[in-house]
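Now for the letters of each chain:
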Amino acid sequence: MGKKVSLLKALKNHQARSAASERVHQAQREAAVKRKVPASKQRAPRQEDGNWKGKEKEQPKRPTIPFDEDDRILLVGEGNFSFTLSLVKTHKIPSYNILATTLDSEADCYAKYPNDASEIVSDLRSLGVRVVFGVDATRLEKSKEVMQAKGGWNKVVFNFPHAVDDATLGAGITDQDRNILTNQRLLLGFLRSVAPILSKGVLPKELLPKKPRADSDDEGEDTVPSSSIAAKADADVLIDSDEEELSDEDEFTGVPHASDSDDDTPINPFQFPPPARQGIILVTLRDSVPYTLWDLPRLAKRPPHAVKGLERQGGEQPEYTLVRSYRFWPEAYPGYEHRRTRGGAGTAAEEREEGMGGTGGVCKTWEFVLRTDDARTMREKASAAAAKGKGGKRKTKSKK
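Below: a short report on this structure.

Parameters and conventions
- Residues numbered from 1 in each chain as written.
- Predicted model: local features only at pLDDT ≥ 70, side-chain atom pairs only at ≥ 80, totals over all residues.
- Heavy atoms only, no water.
- Buried < 20%, exposed > 50% of the residue type's maximum accessible area, 1.4 Å probe, protein only.
- Helix = DSSP H or I, 4+ residues; strand = E, 2+ residues; numbered from the N terminus.
- Contact = heavy atoms within 4.5 Å.
- Polar contact = N/O pair within 3.5 Å; in protein donor to acceptor, adjacent residues only side chain to side chain.
- Pairing = 2+ DSSP bridges.
- Axes fitted to C-alpha atoms, helices over the stretch in contact; angles between N-to-C directions.

Focus on helix α2 (residues 82-89)
A turn of α-helix holds 3.6 residues, and therefore any two residues three or four places apart point the same way. α2 sits mainly inside the fold: seven of its eight residues count as buried. Here α2 has its buried residues at Ser82, Phe83, Thr84, Leu85, Ser86, Leu87 and Val88. Buried residues belonging to α2 abut β1 (73-76), β2 (98-102), α4 (117-127), β4 (155-159) and β6 (320-328).

So, the side chain of asparagine 183
Examined against the element boundaries, asparagine 183 turns out to sit in helix α6 (residues 176-194). At 2.7 Å, the side chain of asparagine 183 forms a polar contact with the backbone nitrogen of alanine 163. In contact with asparagine 183, other than residues within four places in its own chain, are His162, Ala163 and Trp294.

Observations regarding the sheet that holds β4
Overall, mixed pairing links the seven strands, which are arranged β3-β2-β1-β4-β5-β7-β6 in an open sheet. Where the open sheet ends on each side, the last strands, each with one partner, are β3 (130-133) and β6. Sheet twist, expressed as the average angle between the axes of neighbouring strands with direction ignored, equals 20°. Both strand β5 (residues 280-286) and strand β7 (residues 363-370) contribute to a ladder of six bridges, which runs antiparallel. For leucine 285, the partnering residue across the bridge sits in β7 and is lysine 364. The strands touched by α2 are β1, β2, β4 and β6; relative to β2, the strand with the most contacts, the crossing angle is about 170°. Of the strands in this sheet, β1, β4, β5 and β6 are in contact with α6, which crosses β5 at around 165°.

Listed below in structure tokens is the structure:
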């Protein structure tokens, strides 16, 4: 058991490190201002629309879509369920592989999001998606729908988690520490609750030793990212060449049926194990203060073991390994509209206060897997292989 550190003390230490880092960056910026800036690097004046002359608006890169068609996906903390609907309609995730949940009751959800939630939920259910209300992301073991999935979940998604604290909402900088602590407890509760329900199996490719680049004849074979649906489709790995093509009569309807059975009762797909891959949790936050002060990567990788409010759950706070992080592009999910935890559209200032920040917020998705001996062994092998490739010498311990 690691050394016990209170969450408040850990937060203070993090803020002290952040302040010291900011002082260093500020000194570097001031030194850069004193140096003469070449004319070629000087910025042109702004136009009336706020853009720089001679420079086009930032074009989004090809967004990372971190889902495979055979992933079993659990979504927690959904608002109006528009993200779930986009996964099914745009990214063609089979509806029977998705369980979408929210903390709100069904009545509360429709009251908070009166313009679209009811219609979206109706669409999802008609497509065969299971929608469950009243599921607490920090108490997932209490949901029978979540726990009935044999073999766990390949992906667990928590978009823009936010704990509503009426005492500090809009209270300003004086209550910022309390607001940060409240949301860190939410994240820690989720990280603890989700650990037992993650699937087991092969680690993500980002944690595996890199394969040596092939010669010219094979160049490019390993450049297809395994987590991209489009790329996998292009590489012809989604369909076995020996598999018969579906006829019009056999077209996929969203819910598999037991063909060997005498009745037409749909089978429960969650009674079968998912693909044997290490389960990944995906948490998306706005990449700005105060969300960066929540320090999600540190909470996941090196959590405090003494967390007020979580002791009654028992057990150790699990540790995770960071797989990767990348920018989250809402535009990659047509129809998706972020909704505030408190409900309603809100003003622009309120949207910036809680969540994505309207259309201008820059957001980041973090992917984690449970820290295991296998993951550490793979990383050590990767480091050793990299060192060997650079001509480094591996140190070996003498056997007695």
